[in-house]
Each structure stands twice: as C-alpha cells, then as structure tokens.
Amino acid sequence: MAVNSKTLPDAALFWQFSLALYPGIQPLCLQWQDSYGANVNLLLLLLYLQKQQLQCELSDIRLLQQSLNAEQQFTLALRQLRKSLPAGLNAKAAAQMKQALLKAELCAEQLEQEQLIATLPQCRLSQVQPAIKAASLLTLYLQLLGVALTDKLQAQILDLDQQAMQQDFPPSKSLI
C-alpha cells in the first residue's frame, strides 16, 4: 500500500526516536560510519521507517543519501574539528571547546535528519504488513555502499533491526 504525504514520518518524532535508540547502537553505527562510510542519520532513518512498517526501494535510499551531501560536509567538518583540538589548550579550555563543538555537531545532525524527512516525499514509500517480512532497509543501504554482506554483518543488521523494533517509542501520530 502506497504512503501519501499525510502519513509521512514526523521530523520531531524521528529525532526523539533517534535520541532514544542511538545510545544502545552507537558503537556499531560509528563502526559502520568509519568502515563503510555509512551516514548514521540515514541508518537511523531506515530503522525508523522499518519500525513504522514502511519500505522503500534502493533508488530511494540513494536519493536520501544524496540529499545529505551539503549538510554532511558541515557535520563532518565540525566532527573533525572536535577530534583535532590543538594540543596546547589547557584541560578546562579543551573540555569547553569540545563541549561547544559537540553541541554544534548535534545541531548539524538534527539538520541532517530534517533534510532526510524533507526528502521523503520524493521517495516511493509503501506500508508493509506486519506479517510480511520485508528486506531490511539496512541491507539495501549497505549494498548501495558496496559492502559485501558477510554472515557477521548480516547478524549485525538483524541485531540493529531488532533493537529498533523493540524500542519503546510511540508510533508517529500521522500513522495512527
């Protein structure tokens, strides 16, 4: 069943979902970011869509990924700056600078998420019935990134999918 614009996920609920889920999956998300070039916000969106029983095509994931190009450059610059603070800073100054950069990076991450949600109307989302097991959107994303799907990686995908599904988070109001 096709999804219309009135049933698209909400940016604020997606952000809250991400804040709730991310601490439990952070190490794996960062590993995929570093190893495969995965965008953590896109990973979170794909998990959010699956939780909402929404499916999309590989071409839609490509479109979502491309929509982040400008925002991601800004986020990456902030992250790199935070990780490479000058060695001459005293501990208190370094901690304050790191905290300020982390706050700015978090704002940039939220802007990335808003861009993803703004791009969703261009995607062909469809509602998936709970009894039907659809292909994991994470599998499609990793294929898009050119990652070989090993048994270990497939187990990680299953783990992420299950953690997102078990996340005690209300469904989007627009989908009720």
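A brief structural summary. (Residues numbered from 1 in each chain as written. Predicted model: local features only at pLDDT ≥ 70, side-chain atom pairs only at ≥ 80, totals over all residues. Heavy atoms only, no water.)

A closer look at the packing of helix α2 (residues 40-51) against helix α5 (residues 91-119)
The line we're drawing: The angle between two axes is taken between their N-to-C directions and runs from 0 to 180 degrees, where each axis is a line fitted to C-alpha atoms and a helix contributes only its stretch in contact. Put simply, DSSP H or I for four residues or longer makes a helix, DSSP E for two residues or longer makes a strand, and each gets a number counted from the N terminus. Note on terminology: angles under 35 degrees are roughly parallel, angles over 145 are roughly antiparallel, angles of 65 to 115 are roughly perpendicular, and the others are oblique. Crossing handedness is read from the near helix: turned anticlockwise from the far helix by less than a right angle, it gives a left-handed crossing, and turned clockwise, a right-handed one. Pairs of residues are marked as contacts when any of their non-hydrogen atoms sit within 4.5 Å. Polarity classes work like this: nonpolar for Ala, Val, Leu, Ile, Met, Phe, Trp, Tyr, Cys and Pro, charged for Asp, Glu, Lys and Arg, and polar for all others, with Gly in that last group.
Two elements in contact, α2 and α5, have axes whose closest approach is 10 Å; the angle formed by their N-to-C orientations is 50°. By the angle between their axes, α2 is oblique relative to α5. Judged by the twist between their axes, the crossing of α2 over α5 is right-handed. Each of Asn 41, Leu 42, Leu 44 and Leu 45 in α2 lies in contact with α5, whose residues at this interface are Glu 109, Glu 112, Gln 113, Leu 116 and Ile 117. Tallied by class, residues from the contact of α2 with α5 come to five nonpolar, two polar and two charged.

Comments concerning helix α6 (residues 137-144)
Rules: Note on exposure labels: buried denotes an accessible area under 20% of the residue type's maximum, exposed denotes more than 50%, and partly exposed covers the range between, all computed with a 1.4 Å probe on protein chains only. Nitrogen and oxygen atoms within 3.5 Å of one another constitute a polar contact, given that in protein one can donate a hydrogen and the other can accept it, and given that sequence-neighbouring residues count only through two side-chain atoms.
Counting buried residues along α6, six of its eight residues qualify, which places the element largely inside the surrounding structure. All buried positions along α6 are accounted for by Leu 137, Leu 138, Thr 139, Leu 140, Tyr 141 and Leu 142. Those residues of α6 hidden inside the fold are in contact with α1 (11-36), α2, β1 (54-55), α3 (58-67) and α7 (151-166). The distance from a side-chain oxygen at the start of α6 to the backbone nitrogen of Leu 138 is 3.1 Å, and the residue carrying that oxygen is Ser 136.

Examining the packing of α2 against α7
Any two packed helices are characterised by how steeply their axes cross, that is the angle between the axes, and by the distance between the axes. Between α2 and α7, the shortest axis-to-axis distance is 9 Å and the interhelical angle comes to 60°. By the angle between their axes, α2 is oblique relative to α7. Where α2 crosses over α7, the handedness of that crossing is right-handed. Contacts between α2 and α7 involve Leu 47, Gln 50 and Lys 51 from the first element and Leu 160, Asp 161, Ala 164 and Met 165 from the second. The residue inventory of the contact of α2 with α7, partitioned by class, reads four nonpolar, one polar and two charged.

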